[in-house]
Amino acid sequence: MSLPKDGVPANTHPSNLLTTGASVPPVDRIPLYEVYMRMSEELAKRSTCARLQVGTVVTDQRLENVLAIGYNGNARGLPNKCDSSVPGNCGCIHSEMNALVKAPGSQRDKVVFVSASPCVMCAKLIINSGVTHVFYRKAYRDPSGVEVLQQGGVVPVLYDRWVGEWRDPKGLPDGRGGRGKGEG
């Protein structure tokens, strides 16, 4: 049985697994998974959706290259606002769709980091786009998208283990950051 380097049992991504018998090293610097999760959260701040702001980062399997980014909002050239205030019918293009339409289609084994778990339609698009793992920070109001990912052979990972770590608790611009809880 393999052990996760980052301490997140659901994270079965190949770069995260230790071989059987190896001891888990201490996590003394921010995992790349957390870096990409935070990137998705920052991208969500660009969203123009009034109800839910979501951001997405698509990387290669080795987590070495960002292939595409996206956030939810209206189509290019249209007004930066929702078409409707009805939940589920706001007219915004979802962040996963905006990212995957820009990602190279020939690239297989992509990894997606999204600030909220995908809806059913985005989950289906993710499956057909050659994605192996979807890391998400918060669950969307309808869990069906995560279930569809599982049915389609994509590994969904709720990634919230490190959300409070490596953040500067005082907001100081010194660049040192912090491991949360006042640790430095």
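Numbering of residues starts from 1 in each chain and follows the order in which that chain's sequence is written. Given that this is a predicted model, residues contribute local features only at a pLDDT of at least 70 and side-chain atom pairs are listed and counted only at 80 or more, while totals for whole chains, interfaces and linings are drawn from all residues. To obtain the side-chain values, all non-hydrogen atoms of the structure were included, while hydrogens and water were left out.

As a further point, take the pattern of salt bridges. Salt bridges, as used here, are contacts in which a Lys or Arg side-chain nitrogen is within 4 Å of a carboxyl oxygen on Asp or Glu. A complete count under the given rule lists six salt bridges for this structure. When the shortest N-O distance is used, the salt bridge between Arg137 and Glu41 registers 2.9 Å. Note that Arg137 is positioned in strand β6 (residues 131–138) and Glu41 in helix α1 (residues 32–44), a separation of 96 residues in sequence. With a relative accessible area of 5%, Arg137 lands in the buried category. When accessible area is computed with a 1.4 Å probe and restricted to protein chains, residues below 20% of their type maximum are described as buried, those above 50% as exposed, and intermediate ones as partly exposed. Looking at Glu41, the relative accessible area reads 22%, which means it is partly exposed. Between Glu64 and Arg62 there is a salt bridge, with the nearest N and O atoms lying 3.4 Å from each other. Residue classification places Arg62 among the exposed residues on the basis of a relative accessible area of 59%. Salt bridges sharing common partners tie together Glu34, Arg38, Glu41, Arg137 and Arg167. Runs of E in the DSSP output that reach at least two residues are strands. Runs of H or I that reach at least four are helices, and both are numbered from the N terminus.

Before going further, it helps to examine unusual backbone geometry. One non-glycine residue with positive phi stands out, namely Asp109, at about 60 degrees. Relative to the helices and strands, Asp109 resides in the loop between α2 (95–100) and β5 (110–116). Assessed through its relative accessible area of 39%, Asp109 is described here as partly exposed. Of note in the backbone geometry, Trp166 takes a positive phi value of approximately 55 degrees without being a glycine. With respect to the secondary-structure elements, Trp166 resides in the segment after β7 (155–158).

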